[in-house]
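Topology and contacts: notes
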Protein chains: 2
Amino acid sequence: MNINDTEQWQRPLIDDRLTPYIEVDSVRLDQNLQLMQQKADEAGVALRPHIKTHKSIRIAQRQLALGARGITVSKPSEGITFILGGVRDLLLAYPIVHPKSVADLLRQAEQHQARLILIADRVEGVAAIAEACQQQPACKVSVAIKVDVGLHRIGVNPDTDEAIVIAQALKKNGLRFAGLISHAGHAYGAGNARAIEAIARQETHLMQRLQAKLQAAGFTDCPLSVGSTPTTLAAEIAPCLDEIRPGNYALLDLTACRLGLSRVDQLAMSVITRVVAVNDHFVIVDAGSKMLSSDKGPHGTSASGFGIAVDEAGHTYELTKLSEEHGFLLYQDRRPDVGSLLRIFPNHSCAVMAQSDSFVLRHPDGQSETQPVSARGNFI
Amino acid sequence: MNINDTEQWQRPLIDDRLTPYIEVDSVRLDQNLQLMQQKADEAGVALRPHIKTHKSIRIAQRQLALGARGITVSKPSEGITFILGGVRDLLLAYPIVHPKSVADLLRQAEQHQARLILIADRVEGVAAIAEACQQQPACKVSVAIKVDVGLHRIGVNPDTDEAIVIAQALKKNGLRFAGLISHAGHAYGAGNARAIEAIARQETHLMQRLQAKLQAAGFTDCPLSVGSTPTTLAAEIAPCLDEIRPGNYALLDLTACRLGLSRVDQLAMSVITRVVAVNDHFVIVDAGSKMLSSDKGPHGTSASGFGIAVDEAGHTYELTKLSEEHGFLLYQDRRPDVGSLLRIFPNHSCAVMAQSDSFVLRHPDGQSETQPVSARGNFI
């Protein structure tokens, strides 16, 4: 990523809407979706994209049409949004510790005959799922065991027998075991593609070793599902895997560029903003932290600023500071005119999409359409 | 703010809803609203609270009932939301550089006979407002000149004649001049109440000097409107001022506590979250950056973490890291149980409110009601 290579950043800025708004380039989006599906197909694994990045039923439907097996969601309410949007195969990659938290999701899944995979990383989680499932006995639920491969967020320690204890608890409770899942989110902190590749290999190694342990304990049908955009882009997909679950690959962002995982011309999402002031210190634009988020990158990665703003000629300006509804850009000799449009590439596209009710899908002929961010605000 | 004083932090955690959600303490909220109104009344200035903090019609109506003159909004779409919510006196504290950006707001203001103050900090801004007003000639619009008192965001340089040029441009365009307004947002970076007080005095000095200059140039009716929560809380309100426009004071947050502007028992807003995992490294809760924002504080203030989590006994845990739907808490000897509730006090309440569709108003008897964050997503 060279911030002085204007050709790399240059794209038309069409002044047909009030600012600020999220623009998704329909061609780049589709290329990103196709590339990942192709990678999964070539490796012979299923793709179950995480929709937390786009939260869009329209984009999820495109992922499914291209061959995705189903989707991954973060929260029960996201699952409901996507079931109502027509998706029939979902993995809820969130630990359930309270039966009520999934009651509505199970009801919707049963009613719409959607297949649902939940996760557990402790026996209390199995108990909560079992209790919830008793209310919805016809729901097609299975449970995967989440493995901590280094992020230290959720998951059993793969060096212990915790997974076997949970698998036994599933059996005892009459719940179908769906295999092992992991998320190597710590890969974002690895700094470069080579280090991320090493994390991907380590993840596969840990998962395979735990799979063998479970198989030896009698849990022979134990598929492996892994997934994060950095590991999936930086490494080959190991033949022992059954499923990958990247999310960010659909839109990408400056974090992916900085890690060497994406070219600038693959960035499908940006924010269109207008210059509202220029003073001796800063160029001020009409997008602030409420639009762009204050995210410096996922999982503790930390950019120096909040994004890069680009004018129509491809000149770049660092977004150095945000207040709630204003962005502060640094400038030197050149400065954009008050009233002109700029395109901001954010650090973390998932964080930006999650704040807007809608995004604008921009087609190559310049036409655009407004699409809802269907699962925005689905925190429960 | 002492994080080890359990009594200070202790409050009941009522397990009657799915988590995570924003809880606003109705008693503390009302005390904060009353205190600021009282301070304004005693100083003989008008209070025009900025609603960007709560974005709630219900809370704005309470502010008006207590004596507020009107409200301040950040964006034209916020103005529309509050006009439709019944507010009839609004200041849009945002520079207009494109006539279309206020067209709908002027239409709504005219239709509902709402009084509207816009701001300008350059002649192009006056031209944009004049053009917009031509389409809505019956709209009661006046224009205040924004003064940069040190934040270097929006506003004329008070050491130049820019304000006089703009006032003349307003006159030439037949637009009513509404005086001078400022926002000393850089006070957040001052570190403590004493330094903030000095900024408030400096702001008053700059505003008075510029007022005298305008009066000498023939613009004799030149009221002064200032406002930020830190300056308003840290300093006496100068008798020369006509209006104050604080926003954050309604809810307050850890930033206000760290600056010595708020006691812990005045914090009216928190996020109720559930522990979903405990591992050797962290306690994991079900609120992440999509719920809590990644904000470390307004205007470049920077906390060490993302908030403080408190259990029912008042023990505190630092929120050290966020992923999108998970919060990572540090713990030492004591650790909360998986499934238990914690209350998180965030760094920046405005940023948190802006991400949720609703908040829960908790009454002293434990009863609660869901209220919409009426202007959420109003970025345009």
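What you see as residue numbers is a count from 1 along each chain, following the sequence as written. Chains carry letters and ligands carry numbers; both start at the beginning, A for chains and 1 for ligands, and go up in the order they are written. Where totals are concerned, whole chains, interfaces and linings use all residues; where local detail is concerned, this predicted model gives features only for residues with pLDDT of at least 70, and gives and counts side-chain atom pairs only at 80 or more. Note that water and hydrogens are dropped before the side-chain values are worked out from all heavy atoms of the structure.

1. A short note on the overall build of chain A
Condition: The numbering of helices and of strands both runs from the N terminus, where a helix is a DSSP run of H or I of at least 4 residues and a strand a run of E of at least 2. Only the C-alpha atoms count toward the radius of gyration. The rule for a globule is 2.2 Å times the residue count to the power 0.38. Residue burial is assigned from relative accessible area. The probe radius is 1.4 Å, only protein chains are included, and a residue is buried under 20% of its type maximum, exposed over 50%, and partly exposed in between. A contact between two residues is defined here by any heavy atoms of the two lying within 4.5 Å. Positive charge is attributed to Lys and Arg, negative charge to Asp and Glu, and no charge count is given to His or to the chain ends. Charge positions come from single atoms, namely NZ of Lys, CZ of Arg, CG of Asp or CD of Glu.
Helices and strands together make up the secondary structure of chain A, namely 12 helices and 17 strands. Here chain A has a C-alpha radius of gyration of 22 Å; the compact-globule value for 380 residues is 21 Å, and the two agree. Projected onto the principal axes, the alpha-carbon positions of chain A cover approximately 70 × 40 × 35 Å. Looking at the 380 residues of chain A, the share that counts as buried comes to 64%. For chain A, long-range pairs separated by at least 24 residues make up 70% of all intrachain contacts whose partners lie at least 6 apart in sequence. Across chain A, 38 positive and 41 negative side-chain charges occur, with their mean positions spaced 5 Å apart.

2. A word on the side chain of Asn 248 of chain B
Residue and element names in this part refer to chain B. The following threshold applies: Contacts described as polar in this section are N or O atom pairs within 3.5 Å, which, within protein, must combine one atom able to donate a hydrogen with one able to accept it, while residues neighboring in sequence count only if both atoms come from side chains.
By secondary structure assignment, the location of Asn 248 is in the loop between strand 9 (243-244) and helix 10 (254-258). Residue classification places Asn 248 among the buried positions, given a relative accessible area of 2%. Looking at Asn 248, its side chain comes within polar contact range of the side chain of Asp 253, at 3.0 Å. Asn 248 has contacts with Thr 53, Tyr 188, Thr 229, Asp 253, His 348, Ser 349 and Cys 350, leaving out every residue within four places of it along the chain.

3. Some details on the packing of aromatic side chains
Residue and element names in this part refer to chain A. What counts here: Aromatic pairs are defined between Phe, Tyr and Trp rings, using the six-membered ring for Trp, whenever the two ring centres lie within 6.5 Å; interplanar angles under 30 degrees are classed as stacked, those over 60 as edge-to-face, and all others as tilted. Placement of a positive charge over a ring is assigned whenever Lys NZ or Arg CZ falls within 6 Å of the ring centre and within 35 degrees of the normal to the ring plane.
On inspection of all chains with the given rule, the structure shows 6 aromatic pairs over all chains. Judged by centre distance (5.1 Å) and plane angle (90 degrees), the ring pair of Phe 282 and Phe 328 falls under edge-to-face. Linking Phe 282 in the loop between strand 10 (269-278) and strand 11 (283-285) with Phe 328 in strand 14 (residues 327-329), this pair joins segments that are 46 residues apart in sequence. Residue class for Phe 282 comes out buried when judged on its relative accessible area of 14%. Note that Lys 75 overlies the ring of Tyr 94, its terminal NZ or CZ placed 4.9 Å from the centroid. When the ring centre of Phe 306 is taken as origin, the NZ or CZ atom of Lys 296, which lies over that ring, is 4.8 Å away.

4. Some points on helix 5 (residues 103-111) of chain A
Residues and elements named next belong to chain A. For clarity, the threshold we go by: The arc in question is the one spanned by the directions pointing from the helix axis to the C-beta atoms.
Among the residues of helix 5, those classed as buried are Leu 105, Leu 106 and Ala 109. Projected down its long axis, helix 5 carries its buried residues within an arc of 95 degrees, all on one side. Elements that come into contact with the buried residues of helix 5 comprise helix 4 (76-84), strand 4 (89-95), strand 5 (115-120), helix 6 (123-135) and strand 6 (140-147).

5. Observations regarding the state of the cysteines
Cut-off, in case you're wondering: Two cysteine sulfurs form what is called a disulfide whenever their separation falls within 2.5 Å.
Per the stated rule, a full pass over the model turns up 0 disulfides over all chains. Residue Cys 133 of chain A stays outside any disulfide, its sulfur separated by 6.4 Å from that of Cys 139 of chain A, the closest cysteine. With relative accessibility at 13%, the residue Cys 133 of chain A sits in the buried group. The thiol of Cys 257 of chain B is unpaired, and the distance to the nearest cysteine sulfur, on Cys 350 of chain B, comes to 14 Å.

6. Some points on the confidence of the model for chain A
For clarity, the cut-off: pLDDT is a residue-level measure of predictor confidence that goes from 0 to 100.
Looking at chain A as a whole, its pLDDT mean stands at 96, while 99% of the residues score no less than 70. In the predicted complex, the global pTM is 0.97; the interface-specific ipTM is 0.97.

7. Remarks on the sheet that holds strand 6 (residues 140-147) of chain B
Residue and element names in this part refer to chain B. Inclusion rule: In this scheme, strands are said to pair when DSSP sees at least two bridges between them. The angle between two axes is taken between their N-to-C directions and runs from 0 to 180 degrees, where each axis is a line fitted to C-alpha atoms and a helix contributes only its stretch in contact.
Ordered in space as 2-9-8-7-6-5-4-3, the 8 strands form an open sheet in which the pairing is parallel. With partners counted over all chains shown, the strands left at the sheet margins are strand 2 (46-47) and strand 3 (71-73), one partner each. Of the pairings in the sheet, the one linking strand 5 (residues 115-120) to strand 6 comprises 6 bridges and is parallel in character. Residue Ala 120 lies in a different strand from strand 6, and its bridge partner there is Ile 145. Helix 8 (residues 193-216) contacts strand 6, strand 7 (176-182) and strand 8 (224-226) of the sheet and is inclined by roughly 155 degrees relative to strand 7.

8. Some words on the environment of Phe 177 of chain A
Structurally, Phe 177 of chain A is set in strand 7 (residues 176-182). Residues Phe 177 of chain A and Glu 325 of chain A lie 148 residues apart in sequence; the distance between their C-alpha atoms is 48 Å.

9. Description of unusual backbone geometry
In this model, Thr 19 of chain A is joined to Pro 20 of chain A through a cis peptide bond whose omega is -5 degrees. Its place among the elements puts Pro 20 of chain A in the loop between helix 1 (6-9) and strand 1 (21-25). For His 152 of chain A, which is not glycine, the phi torsion reads 60 degrees and is therefore positive. For Leu 252 of chain B, which is not a glycine, the phi torsion comes out positive at approximately 60 degrees. Within the fold, Leu 252 of chain B resides in the loop between strand 9 and helix 10.

10. Quick notes on the relation of the copies chain B and chain A
Here is the rule we go by: Copy-to-copy superposition: least squares on the C-alpha atoms, limited to residues that have pLDDT of at least 70 in both copies.
Between chain B and chain A, the superposition needs a rotation of 180 degrees and an axial shift of 0.0 Å, giving an RMSD of 0.0 Å. One copy is carried onto the other by what is essentially a two-fold rotation axis. Judged by C-alpha distance, Ser 294 of chain B is the residue of chain B that lies nearest the rotation axis, at 2.6 Å. Same-surface contact between copies: 100% of interface residues of chain B are shared with the interface of chain A.

11. Some thoughts on helix 4 of chain A
All names here are of chain A. By the criterion of burial, helix 4 is predominantly enclosed, with 8 of the 9 residues buried. Among the residues making up helix 4, those that are buried are Pro 76, Ser 77, Glu 78, Gly 79, Ile 80, Thr 81, Phe 82 and Ile 83. Summarising the contacts, the buried residues of helix 4 are in contact with helix 3 (57-65), strand 3 (71-73), strand 4 and helix 5.

12. Considering the pairing of strand 17 (residues 368-372) of chain B
Two faces belong to every sheet, and in a regular strand the side chains alternate between them. Residue and element names in this part refer to chain B. Both strand 16 (residues 358-362) and strand 17 contribute to a ladder of 5 bridges, which runs antiparallel. Within strand 17, the position partnered with Ser 358 by the bridge is Pro 372. In this structure, the hairpin formed by strand 16 and strand 17 is closed by a connection of 5 residues, where Gly 366 is found at a positive phi of approximately 95 degrees.

13. Examining the sheet that holds strand 4 of chain A
Backbone-to-backbone hydrogen bonds pair the strands of a sheet. The strands run either parallel or antiparallel. Residue and element names in this part refer to chain A. The 8 strands are arranged 2-9-8-7-6-5-4-3 in an open sheet whose pairing can be described as parallel. Strands at the two margins of the open sheet, each flanked by one partner only, are strand 2 (46-47) and strand 3. Lying over the sheet, helix 7 (residues 162-172) contacts strand 5, strand 6 and strand 7, oriented at roughly 170 degrees with respect to strand 6. Across the sheet, helix 8 (residues 193-216) lies against strand 6, strand 7 and strand 8 (224-226), angled at about 155 degrees from strand 7, the strand it touches most.

14. Overview of the pattern of salt bridges
The cut-off we apply is this: Salt bridge, as used here, is a side-chain nitrogen of Lys or Arg placed within 4 Å of a carboxyl oxygen of Asp or Glu.
In the structure shown here, the tally under the stated rule is 49 salt bridges over all chains. Measuring nitrogen to oxygen at the nearest pair gives 3.2 Å for the salt bridge that ties Arg 11 of chain B to Asp 25 of chain B. Taken together, the residues Arg 11 of chain B in the loop between helix 1 (6-9) and strand 1 (21-25) and Asp 25 of chain B in strand 1 connect sequence positions 14 residues apart. Taken as a pair, Arg 11 of chain B and Asp 25 of chain B share a single burial class, namely buried. A salt bridge links Arg 343 of chain B to Glu 23 of chain B, with the shortest nitrogen-to-oxygen separation between them at 2.9 Å. Placement of the pair is Arg 343 of chain B in strand 15 (residues 341-346) and Glu 23 of chain B in strand 1, with a sequence separation of 320 residues. The pair Arg 343 of chain B / Glu 23 of chain B is uniform in exposure class, with both members buried. Where salt bridges share partners, they join Arg 11, Asp 16, Glu 23, Asp 25, Arg 28, Arg 343 and Arg 362 of chain A into one cluster.

15. Looking at the packing of helix 2 (residues 26-43) of chain A against helix 3 of chain A
All names here are of chain A. For clarity, the threshold we go by: When describing relative orientation, an angle under 35 degrees is termed roughly parallel and one over 145 degrees roughly antiparallel, while 65 to 115 degrees is termed roughly perpendicular and anything else oblique. Crossings are sorted by hand: turned counterclockwise from the far helix by less than a right angle, the near helix makes the crossing left-handed, and turned clockwise it makes it right-handed.
Interaxial distance between helix 2 and helix 3 falls to 10 Å at its minimum, and their mutual angle equals 40 degrees. Considering their axes alone, helix 2 and helix 3 lie oblique with respect to each other. As for how helix 2 packs across helix 3, the hand of that crossing is right-handed. Taken together, the residues of helix 3 that come into contact with helix 2 (itself represented by Leu 29, Asp 30, Leu 33, Gln 34 and Gln 37) are Ile 59, Arg 62 and Gln 63.

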